[in-house]
Amino acid sequence: MEPVKVGIVGCGVIGKKHIQLALTIPTVEVVAIADLREELVRDLAKKHGVPKAYTTAEALIDDPEVQAVVLAMPTHVRTPLGVYTLKKGKHLLTEKPVAMNSGEVKQLMAAQPKGVVAACCSCRHTSLPSAQTAAKLIASGALGKLRVLRIRHLGAAGEAPKNPAPVWRLRKDLNGGGILMNWGCYDLDYIMGVTGWRVRPRCVLARTWQVAPHLASRAAPGSDAETHVAAVVLCDDDIALTYERGEFMAAANESAWQVTGEKGSLRMPLVPRPGVEVMHDQSSDDVGVTSQSIWAGSENWENVHTGPIADFAAAIQEEREPMTSLARALIVQQVADAIYDSAASGKCVEIK
């Protein structure tokens, strides 16, 4: 089977990562890259042996040789280019978060022709072997009826930064929000993915906070988005999702991704590192709870970044849905939108 001919738009930090790793995937052929910075894109094309370099996204998308487009630029400019790509009948892989809000996701879905694959990179961690092992065990019914999905990750504030923080990272007008948009899309995609995307969120009660005043040097001047979010999401079938994510925290580092059912629970590592384990806690009447490792190994950030584009190419070749389609990415974005709405209003917000 011929490799998918891919064009990558955006040659910043994540765009360079896409170029570098796409060249290692046998099912992908990078035929073009694009960036507004002409010297940069020409140098990168020469360095990596990419035959074509463009200074506009539209020129790359219009190239008849390009079958599939990866959009690796800031969130606030991606949706119009995503719509343009899909209307041209090209397959689309968009960076995370999928869009600024649910309305933009629906624009992308409306522009997607039948037979064209459209995916989001929020599936990075869901594609890891540890996550796939967890998903298989949950699908087997070993946990029984699901009760609580738990996500908690707190990042302690480090030393005062020597370099300025990225402007886009905590700006609502550039990124749609803060830590929830930057990392929440991964958290929610991960927990939805390992439970087979069968969980249906219905109601959200949440709070968000900006960086504490005495730690403000961690955020760029003019930042208006949250660095700490906490939420309870009530779902169909008596399932609850508890969520807390924070950075630059006045708290010690802490991480937990857990699925609890009536028969057992599963503890998983979202963040890749050497020597991680997926732990299955089983219960029985005679001995109570026993714990067993069902997967152990080492995962790294190259594994994380390779997953979405490898799955994207496979979905095109196999004519199937990608791991995180636009419809699935919409569920994640609807939860994020509801968290923001609830935090602003102080009330429970229903997801319709």
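Quick caveat, the model's predicted, so the values are computed rather than measured.

If you trace the backbone, Asn175 turns up in helix α7 (residues 172-175). Residue Asn175 is classed as buried on the basis of its relative accessible area, which comes to 3%. Of the polar contacts made by the side chain of Asn175, one reaches the side chain of Thr75; its length is 2.9 Å. Only 2.6 Å separates the side chain of Asn175 from the side chain of Asn182, close enough to count as a polar contact.

Enumeration according to the criterion identifies 2 aromatic pairs in this entry. A centroid spacing of 5.2 Å and a plane angle of 65° characterise the contact between Trp183 and Tyr186, whose relative ring orientation is edge-to-face. A residue pair is termed a helical-turn pair when its members lie 3 or 4 positions apart in one helix, as Trp183 and Tyr186 do in helix α8 (residues 179-194) at 3 residues. For the pair Trp183 and Tyr186, one class covers both residues: buried. A ring pair is formed by Trp183 and Trp301, whose centres lie 6.4 Å apart and whose planes are at 75°; its orientation type is edge-to-face.

In terms of nonpolar packing, the biggest core is built from 48 residues, with Val259, Met268 and Ile339 touching the most fellow members. Among the elements that make up this core, the one with the highest residue count is α8 (11 residues). Apart from the residues lying within four places of it in its own chain, the contact partners of Ile339 are Leu180, Val204, Ala206, Thr208, Val229, Ala231 and Tyr243.

Here the focus is the environment of Gly155. By secondary structure assignment, the location of Gly155 is in strand β7 (residues 146-156). Put simply, Gly155 and Gly246 are 91 residues apart on the chain and 5.9 Å apart in space, counted from C-alpha to C-alpha. Once residues within four sequence positions are removed from consideration, Gly155 is found in contact with Gly246, Glu247, Phe248, Met249 and Asn253.

Conventions we followed
Residues numbered from 1 in each chain as written. Predicted model: local features only at pLDDT ≥ 70, side-chain atom pairs only at ≥ 80, totals over all residues. Heavy atoms only, no water. Helix = DSSP H or I, 4+ residues; strand = E, 2+ residues; numbered from the N terminus. Buried < 20%, exposed > 50% of the residue type's maximum accessible area, 1.4 Å probe, protein only. Polar contact = N/O pair within 3.5 Å; in protein donor to acceptor, adjacent residues only side chain to side chain. Phe/Tyr/Trp six-rings, centres within 6.5 Å; stacked < 30°, edge-to-face > 60°. Core = buried A, V, L, I, M, F, W, Y, C linked by side-chain atoms within 4.5 Å. Contact = heavy atoms within 4.5 Å.

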